[in-house]
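Residue-level structure breakdown
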Amino acid sequence: MKKALTIAGSDCSGGAGIQADLKTFSAHGVYGMSVIVSVVAENTVRVIDVEDISPRIIQQQIDAVFEDITPDSVKIGMLSNAKAMEAVSDKLHEYRPNNIVIDPVMYAKNGYPLMAEDAIDALISQILPFADVLTPNLLEAERIAKMGIETVYDMEQAAKVIYQFGVKYPLIKGGHLEGDAVDVLYDGQGFTHLVSERIETKNTHGTGCTYSSAIASNLALGFDVKEAVRRGKEYITEAIRWSKDIGQGHGPVNHFYQFERTSERVR
């Protein structure tokens, strides 16, 4: 059985973070493992508070996984501060895992900051060079590339900048632009545009976590990067399409939509 590890924050409401990652791994038939770096008290409406796990425990969780079970892919999500980034970076240097997908989580859906303002430089210097695939949304890409993004062309230029930081495949997500949902994947030579219809729904909690974990799942299953991204895009699109109204705010996507009979699906 293929195995995947997520290193990220915990979402007690179950829609994002570690919980979304593990659901996504399971939906793909991949054995999921987790290293929690922060505990986030949040729901579909708001983030109440965040408590970070010590760098020592972060590293010991990583050791516990790698000394016993070697992951076929690693997804890295929320890293809230430079010390957490350093702790993770040290262990990535030590274990050199394959198929690393990094989702540079900076803000919650309601705008609550999930990464310290002074940690961007550490993210760029210590974490990005490990990325086989990096999956920033537009705001995150703007912060990393230090440029405004308003068009697909801007997304391509940002991908070129981010590629220079050592990222093998920057994937800029265009979900916040108008029109169809266009994502831009860059391989250092050319661009691949992944286009899907825009689905009108408020239930988008955990979309970034789920998308990146779907890519990591497909890499673990042996697909190459472009096919893993294509399959990940297809998965998140359908998970949004068949999302359910859970909670009073931005509800979660439906991680297990493919296991429900069509007649039982509820928008």
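1. Examining the overall build of the protein
A count of helices and strands for the protein gives 8 helices and 9 strands. In terms of C-alpha radius of gyration, the protein reaches 17 Å, essentially the compact-globule figure of 18 Å for 267 residues. For the protein, the spread of C-alpha atoms along the three principal axes comes to 50 × 40 × 35 Å. A burial count over the protein gives 52% of its 267 residues as buried. Taking contacts inside the protein between residues at least 6 apart in sequence as the whole, the part at least 24 apart equals 66%. Per element, the accessible surface of the protein, about 11700 Å² overall, is 49% carbon and sulfur. One way to put it: in the protein the 26 positive side-chain charges average out to a point 4 Å from where the 36 negative ones average out.

2. Focus: the nonpolar core
Where a protein is soluble and globular, its nonpolar side chains tend to be buried together. Counting 45 residues, the largest nonpolar core has I7, I76 and V88 as the members making the most contacts within it. What V88 contacts, discounting residues up to four positions off in sequence, is I7, I58, I62, I76, L79 and I127. Core analysis: the next-biggest nonpolar cluster, separate from the first, contains 25 residues, V101, V133, Y235 and I240 among them.

3. As for the pairing of strand 1 (residues 3-11)
Strand 1 sits mainly inside the fold: 8 of its 9 residues count as buried. Crossover handedness for the path strand 1 to helix 1 (residues 17-27) to strand 2 (residues 31-42): right-handed. The sheet contact formed by strand 1 and strand 4 (residues 73-76) spans 4 bridges and is parallel. For T6, the partnering residue across the bridge sits in strand 4 and is K75.

4. Considering the side chain of E140
Note that E140 resides in helix 5 (residues 138-145). Nearest to the buried, unbridged E140 among oppositely charged side chains is K173, at 5.0 Å. Within the local environment of E140, its side chain forms a polar contact with the backbone nitrogen of M106, the two atoms lying 3.3 Å apart. Each residue touching E140, except ones within four places of it in the same chain, is listed here: D103, P104, V105, M106 and T135.

5. Focus: the pattern of salt bridges
Side-chain pairing between opposite charges can occur once the charged atoms of the two side chains come close. With the rule as written, the count across this model stands at 16 salt bridges. A salt bridge links K75 to D21, with the shortest nitrogen-to-oxygen separation between them at 2.9 Å. In this pair, K75 sits in strand 4 while D21 sits in helix 1, placing the two residues 54 residues apart along the sequence. Given a relative accessible area of 0%, D21 falls into the buried group. K173 serves as the salt-bridge partner of D103, at 3.9 Å between the closest nitrogen and oxygen. On the criterion of sequence distance, the pair formed by D103 in the loop between strand 5 (100-102) and helix 4 (120-127) and K173 in strand 7 (residues 169-173) is long-range, its members being 70 residues apart. Look at the salt bridges and you will find they share partners, linking E227, R230, R231 and E234 into a network.

What counts as what
Residues numbered from 1 in each chain as written. Predicted model: local features only at pLDDT ≥ 70, side-chain atom pairs only at ≥ 80, totals over all residues. Heavy atoms only, no water. Helix = DSSP H or I, 4+ residues; strand = E, 2+ residues; numbered from the N terminus. Rg over C-alpha atoms; globule rule 2.2 N^0.38 Å. Buried < 20%, exposed > 50% of the residue type's maximum accessible area, 1.4 Å probe, protein only. Contact = heavy atoms within 4.5 Å. Areas by Shrake-Rupley, 256 points an atom, 1.4 Å probe, with all protein chains shown as cover. Lys, Arg positive; Asp, Glu negative; His and termini not counted. Charge placed at Lys NZ, Arg CZ, Asp CG, Glu CD. Core = buried A, V, L, I, M, F, W, Y, C linked by side-chain atoms within 4.5 Å. Right-handed = clockwise from strand over helix to strand, strands pointing away. Pairing = 2+ DSSP bridges. Salt bridge = Lys/Arg side-chain N within 4 Å of Asp/Glu carboxyl O. Polar contact = N/O pair within 3.5 Å; in protein donor to acceptor, adjacent residues only side chain to side chain.

Structural measurements only, silent on function.
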